[in-house]
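# Residue-level structural notes
Each chain, letter by letter, is given below.
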Amino acid sequence: LNPFYLFNEALSGEDFDWSGFEWIDFTDAEHSVVSYMRKGSTKVLVCVHNFTPEYHSEYWINLKNLKKIREVFNTDRINYGGSNKLNNEDLRITPDGFSIALAPLATMIFEPVFTCS
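A brief look at the structure comes next. (Residues numbered from 1 in each chain as written. Predicted model: local features only at pLDDT ≥ 70, side-chain atom pairs only at ≥ 80, totals over all residues. Heavy atoms only, no water.)

This part covers the pattern of salt bridges. Counted according to the given criterion, the structure contains 3 salt bridges. Taking the shortest distance from any N to any O, the salt bridge between Asp96 and Lys64 comes out at 2.9 Å. Taken as a pair, Asp96 in the loop between strand 6 (92-94) and strand 7 (97-102) and Lys64 in the loop between strand 4 (56-62) and strand 5 (66-74) lie far apart in primary sequence, 32 residues in all. On the accessibility criterion, Lys64 (53% relative accessible area) is exposed. (Salt bridge = Lys/Arg side-chain N within 4 Å of Asp/Glu carboxyl O. Helix = DSSP H or I, 4+ residues; strand = E, 2+ residues; numbered from the N terminus. Buried < 20%, exposed > 50% of the residue type's maximum accessible area, 1.4 Å probe, protein only.)

With that out of the way, let us pick up the environment of Phe4. Relative to the elements of secondary structure, Phe4 occurs in helix 1 (residues 2-6). For Phe4, a relative accessible area of 16% gives the class buried. With 64 residues separating them along the chain, Phe4 and Lys68 place their C-alpha atoms 21 Å apart. Apart from residues lying up to four places away in sequence, Phe4 is in contact with Leu11, Leu45, Val72, Phe73 and Ile109. (Contact = heavy atoms within 4.5 Å.)

With that settled, the discussion passes to the sheet that holds strand 4. Judged by pairing direction, the sheet is antiparallel, and its 3 strands sit side by side in the order 4-7-6 without closing on themselves. The sheet is open, and its two borders are formed by strand 4 and strand 6, each paired with just one other strand. Looking at each pair of strands side by side, their axes are set apart by 25 degrees on average, direction ignored. (Pairing = 2+ DSSP bridges. Axes fitted to C-alpha atoms, helices over the stretch in contact; angles between N-to-C directions.)

With respect to the helices, strands and loops of the structure, His49 is situated in strand 3 (residues 44-50). For His49, a relative accessible area of 13% gives the class buried. There is a polar contact of 2.7 Å between the side chain of His49 and the side chain of Thr107. Setting aside residues no more than four positions away along its own chain, His49 makes contact with Ser32, Val33, Val34, Tyr36, Ala106 and Thr107. (Polar contact = N/O pair within 3.5 Å; in protein donor to acceptor, adjacent residues only side chain to side chain.)

Even without glycine at this site, Asn84 takes up a positive phi of about 65 degrees. Residue Asn84 is classed as partly exposed on the basis of its relative accessible area, which comes to 36%. Although it is not a glycine, Leu105 adopts a positive phi angle of roughly 45 degrees. For Leu105, the location among the structural elements is in the loop between strand 7 and strand 8 (106-114).

Further remarks concern the sheet that holds strand 3. With antiparallel pairing, the 5 strands of this open sheet are ordered in space as 1-2-3-8-5. Of all strands in the sheet, those with a lone pairing partner are strand 1 (21-28) and strand 5, marking the two edges. On average, each strand axis in the sheet is inclined to that of its neighbour by 20 degrees, with strand direction left out of account. Pairing between strand 3 and strand 8: 5 bridges, direction antiparallel.

This is how it looks when you write it as structure tokens:
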């Protein structure tokens, strides 16, 4: 995680400025999941944290104006000791958000591309 953090200015830059952070959802207490965006000058990252050992094959993230999105980091990879529940390139996207395979006890980071609106 440290090299990923250091080489992604959306995570490592402007840590003390609220303009680099935006909540997506912090209210899913039932599933113990939080999601938010980290914003840098050239890139936005979507971070999703699952704090339970439960796997959800289709977990919905509300995020409008999304053109495409791809997973760029997942702590559930085999090389990190996880169960390898990864998200491939064909994530389901609608005008209101996207659906992911929510890995158990994991942090997943996605790189979104937004439509112009």
